[in-house]
Amino acid sequence: DFAFKLDWRQNPNISLSDWTVVVYDGKESAVYHIHKSEVGLGPRRSKFLAAKFDEDEHADVTDPNTEVYLPSRVAALFPEFLDYVYSDTLQLTTRNVLALKHLANHFDVRALYKKTDSFVQSDLNLKTAPTYCAEADLVLDEDVQKKAVQLMAENFGRVDMTVITQLPAKMF
């Protein structure tokens, strides 16, 4: 018996990729060859892409391509996002969680959104707040940025000032 697992990292001709996602970050673009069956079905499916697949099914002209525009920090983590959707592989950290949360929200992957939101709630503390401030600024997450700033303000005397002075003034 021969078992073949689809993977977005494989040569698209060998893996029979049937859709392309082009990710723009404002400076560059990256092309990802994906499989509708992997990203449009199952517990980690993207409802956003599934809707695009459905639109394409009903269109007169088929264009197996979706273009998205993302902040550069978010675009850089698109491969990790695809790894999660394809194989449930996920390594959340203070530095990557907000970009992955943004991707989960943009592509409507509810399972990933719940995991990232839960991680932030358990990980946001006085030590991680400055990192969350900086990362939230990069991925345009005003809610987390506000919570991190509030946490630092409430504990101002206990915050490492060397870290605070490196944050952009617009955050305060």
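If you're wondering where the values come from, they're calculated on a predicted model, not measured in any experiment.

## Overview of the pairing of strand β3 (residues 65–69)
Two faces, one strand: in a regular strand the side chains alternate between the faces of the sheet.
And then number 1: Alternating positions in β3 separate cleanly, Thr66 and Val68 being buried on one face and Asn65, Glu67 and Tyr69 remaining unburied on the opposite face.
And then number 2: Bridge count for strand β1 (residues 19–24) against β3 is five bridges, and the pairing is parallel. For valine 23, the partnering residue across the bridge sits in β3 and is valine 68.

## Details of the packing of aromatic side chains
And then number 1: This model, assessed by the stated rule, comprises eight aromatic pairs.
And then number 2: On the numbers, 4.8 Å between centres and 55° between planes, the contact of tyrosine 32 with phenylalanine 78 is tilted. Placement of the pair is tyrosine 32 in strand β2 (residues 29–34) and phenylalanine 78 in helix α5 (residues 78–87), with a sequence separation of 46 residues.
And then number 3: For phenylalanine 78, a relative accessible area of 0% gives the class buried.
And then number 4: Relative to phenylalanine 107, the ring of phenylalanine 78 lies with its centre 5.5 Å away and its plane at 50°, an arrangement referred to as tilted. Here phenylalanine 107 lies in the loop between α6 (97–106) and α7 (110–123) and phenylalanine 78 lies in helix α5, a separation of 29 residues in the sequence.

## A look at the pairing of β2
And then number 1: Relative to β2, β1 runs antiparallel, the two being bridged by six bridges. Bridge pairing in β2 places valine 23 opposite alanine 30.
And then number 2: Turn length for the β1-β2 hairpin, with the two strands adjacent in sequence and antiparallel, is four residues, and the turn residue glycine 26 shows positive phi of about 100°.

## So, the sheet that holds β3
And then number 1: Strand order in this open sheet of three strands is β2-β1-β3, and the pairing throughout is mixed. If you trace the sheet from one side to the other, it starts and ends with β2 and β3, each paired once. Neighbour-to-neighbour, the strand axes of this sheet turn through a mean angle of 20°, independent of strand direction.
And then number 2: Of the strands in this sheet, β1 and β2 are in contact with α5, which crosses β2 at around 10°.

## Concerning α5
And then number 1: The element α5 is largely enclosed, with a buried count of eight among its 10 residues.
And then number 2: For α5, the complete set of buried residues consists of Phe78, Pro79, Phe81, Leu82, Asp83, Tyr84, Val85 and Tyr86.
And then number 3: Where α5 is buried, its residues meet β1, β2, α2 (36–39), α4 (72–75), α6 and α7.
And then number 4: Downstream of α5 by a residue or two, aspartate 88 has a phi angle that is positive, lying close to 60°.

## Details of the environment of glutamate 38
And then number 1: Summarising the element assignment, glutamate 38 is placed in helix α2.
And then number 2: Distance in space between the C-alpha atoms of glutamate 38 and leucine 6 is 7.6 Å, their sequence separation being 32 residues.
And then number 3: Setting aside anything within four residues of it in sequence, one finds glutamate 38 in contact with Lys5, Leu6, Val85 and Tyr86.

## Some words on the pattern of salt bridges
And then number 1: Applying the stated criterion across every chain, the model contains eight salt bridges.
And then number 2: Linking glutamate 135 and arginine 73 is a salt bridge whose minimum nitrogen-to-oxygen distance equals 2.8 Å. Taken together, the residues span a long stretch of sequence, with glutamate 135 in helix α8 (residues 129–139) and arginine 73 in helix α4 at a distance of 62 residues.
And then number 3: Take glutamate 135: its relative accessible area is 5%, and that puts it in the buried class.
And then number 4: In this structure arginine 73 comes out as partly exposed when scored by relative accessible area, which is 22%.
And then number 5: Aspartate 88 is paired through a salt bridge with lysine 115; the nearest N and O atoms lie 3.6 Å apart. With aspartate 88 in the loop between α5 and α6 and lysine 115 in helix α7, this residue pair connects regions lying 27 residues apart in the sequence.
And then number 6: Looking at lysine 115, the relative accessible area reads 37%, which means it is partly exposed.
And then number 7: In this structure, a network of salt bridges that share partners links the residues Arg73, Arg95 and Glu135.

Calculation notes
Residues numbered from 1 in each chain as written. Predicted model: local features only at pLDDT ≥ 70, side-chain atom pairs only at ≥ 80, totals over all residues. Heavy atoms only, no water. Buried < 20%, exposed > 50% of the residue type's maximum accessible area, 1.4 Å probe, protein only. Helix = DSSP H or I, 4+ residues; strand = E, 2+ residues; numbered from the N terminus. Pairing = 2+ DSSP bridges. Phe/Tyr/Trp six-rings, centres within 6.5 Å; stacked < 30°, edge-to-face > 60°. Axes fitted to C-alpha atoms, helices over the stretch in contact; angles between N-to-C directions. Contact = heavy atoms within 4.5 Å. Salt bridge = Lys/Arg side-chain N within 4 Å of Asp/Glu carboxyl O.

By themselves, these are just geometric observations and shouldn't be taken as functional.
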